[in-house]
Amino acid sequence: MKRIEIRKPDDWHLHLRDGEMLKGVLPHSAAHFARAIIMPNLVPPVVRASDAVAYRERIMAALPKGLAFEPLMTLYLTETTDPDDVAAAFHHGIATAVKLYPAGATTNSASGVRDIAKVTAMLERMAEIGMPLCVHGEVTDASIDIFDREAVFIDRVLDPLRRKIPALKIIMEHVTTSQGVDYVRSADTLLGATITTHHLIINRNAILAGGIRPHYYCLPVAKRESHRLALREAATSGDRRFFLGTDSAPHVDPLKECACGCAGVFSATNTMACLAHVFEEDNALDRLEAFASLNGPAFYGLAPNEARMTLVRRDEAVDYPEKIETGAGPVTLFNPMFPIHWEVETA
Ligand code: NCD
Ligand code: ZN
């Protein structure tokens, strides 16, 4: 048996949803993560400071007693977002970051940004006050192949934006390509990137080879193997610009297993165990703490957690459920397609 102790991790990109789904999934994240950046793509989205206050209250009300968890709220950027409202939310600690979804890029992104020029004033204001921008980095142009949308976004949107507003702190979320990794490496320290657990483990074959497997479908979609290897290298390198954002994004099974299934992988329950497996496989267990617990807070200018987490490697494979039950319906858990021997030790 092997064990490692790390500072308690944070999740820098998480979908908690609302209502019964929120109640069902929150305990899984709160059991392992001290803090999480909460995605604002509800219907309707979390746009104003008052929306974030109300959503945060619903999250805290859904938190089981005895679990400590701090939701770090984000505001959904629209073309009509009010810069004064956003600045006040940041100033008062109501919102930690703003989220940019190109309109139509992913689940519930219809109110996102169509024309980046319309939000330039807002982004300049954020640069002034030091508020970070979380970016869903995919173009939505129907003529661009879905596997190329991240790389094209870097050239067409992200790089011009960084040149225009160099002082803006940006997180390129859930990078899935070697181009994404290379771009972050080539930039200064104001550009960081989150990487999900599942993109370190699956490539596009998981979705498409030998039958279509909707539970591996998420956005950005998993790419070919060479990209997965580039992500593994970045995550396990210790490079401070790369940190964990699980993008755990629950949808009930009927909305995944149908003719037009939703994008999103739910991984909150076994993410830390899967990551321990990945880092062990790459002889990088000593850098898991950097990826999951240190680099994220450093980028956001926050202190790392004082609490600790112990991960234990069992001789026997650990049983994780195939799905979890929520009041909204069953949600299938990410299956890494290898036996998981790691588990988080509970006190
Ligand atoms: C997310 C969701 O379901 O909200 N889905 C996903 O595939 N990751 C949206 C997102 O982060 O793109
Ligand atoms: Zn997401």
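This write-up is about the structure you can find in this document. All of these numbers come straight from a predicted model, not from anything done at the bench.

## What to know about the sheet that holds strand β5 (residues 97-100)
The eight strands are arranged β2-β3-β4-β5-β6-β7-β8-β9 in an open sheet whose pairing can be described as parallel. Lying at the two open borders of the sheet, with one neighbouring strand each, are β2 (11-14) and β9 (242-244). Within the sheet, the average angular offset between the axes of one strand and its neighbour, ignoring direction, is 30°. As paired elements, strand β3 (residues 35-38) and strand β4 (residues 70-76) share four bridges and run parallel to each other. Residue pairing in the sheet places A36 in a bridge with P71 of β4. The strands touched by helix α6 (residues 178-186) are β7 (170-172), β8 (191-195) and β9; relative to β8, the strand with the most contacts, the crossing angle is about 150°.

## Observations regarding the nonpolar core
Taken as a class, soluble globular proteins show a tendency for nonpolar side chains to be buried jointly. Within the largest apolar cluster, 96 residues are counted, with the highest numbers of intra-cluster contacts made by L16, F69, L133, M272 and L311. Looking at this core, the element that brings in the most residues is helix α11 (residues 271-281), giving seven residues. Other than its neighbours up to four places away in sequence, L311 contacts K2, R3, I4, I6, M272, A273, A276, L288, W342, E343 and V344. Core analysis: the next-biggest nonpolar cluster, separate from the first, contains 13 residues, W12, Y76, C134 and Y300 among them.

## Structural notes on the site of ligand 1
Around ligand 1, a shell composed of 15 residues is seen, among which R17, N41, T106, L219 and D247 lie nearest. Between ligand 1 and the protein, one listed contact pairs an oxygen atom with a side-chain N or O atom of T106 at 2.7 Å. In the environment of ligand 1, an oxygen atom lies 3.2 Å from a nitrogen or oxygen atom belonging to the backbone of G264. Burial of ligand 1 by the surrounding chains reaches 100%, relative to a free accessible area of 310 Å². Split by residue class, the shell around ligand 1 holds four nonpolar, nine polar and two charged.

## Here we look at the coordination of the zinc ion (ligand 2)
Of the protein atoms, only H13 (NE2), H15 (NE2) and D247 (OD) coordinate the zinc ion (ligand 2), at distances of 2.0 Å. Of note is the zinc ion (ligand 2), whose four donor atoms meet at the metal with angles of 91 to 139° in an arrangement that counts as irregular. Between the donor residues of the zinc ion (ligand 2), the gaps in sequence give the motif H-x1-H-x231-D. Residue H15 is located in the loop between β2 and α1 (19-30), and its partner D247 is located in the loop between β9 and α10 (253-256); the two are separated by 232 residues in the primary sequence. On the accessibility criterion, D247 (6% relative accessible area) is buried.

## Topic: the environment of L294
Within the fold, L294 resides in helix α12 (residues 288-300). By relative accessible area, which is 31% here, L294 ends up partly exposed. Considering only alpha carbons, one finds L294 and L244, 50 residues apart in sequence, at a separation of 9.7 Å. The residues touching L294, leaving out its near neighbours within four places in the chain, are R7, E289 and P304.

Cut-offs used in this document
Residues numbered from 1 in each chain as written. Chains lettered and ligands numbered in written order. Predicted model: local features only at pLDDT ≥ 70, side-chain atom pairs only at ≥ 80, totals over all residues. Heavy atoms only, no water. Pairing = 2+ DSSP bridges. Helix = DSSP H or I, 4+ residues; strand = E, 2+ residues; numbered from the N terminus. Axes fitted to C-alpha atoms, helices over the stretch in contact; angles between N-to-C directions. Contact = heavy atoms within 4.5 Å. Core = buried A, V, L, I, M, F, W, Y, C linked by side-chain atoms within 4.5 Å. Buried < 20%, exposed > 50% of the residue type's maximum accessible area, 1.4 Å probe, protein only. Near = heavy atom within 4 Å. Polar contact = N/O pair within 3.5 Å; in protein donor to acceptor, adjacent residues only side chain to side chain. Areas by Shrake-Rupley, 256 points an atom, 1.4 Å probe, with all protein chains shown as cover. Nonpolar A, V, L, I, M, F, W, Y, C, P; charged D, E, K, R; others polar. Donors = N, O, S within 2.8 Å, 3.2 Å for Na, K, Ca; no water. Tetrahedral: all angles 85-135°; square planar, octahedral: opposite > 155°, others 65-115°.

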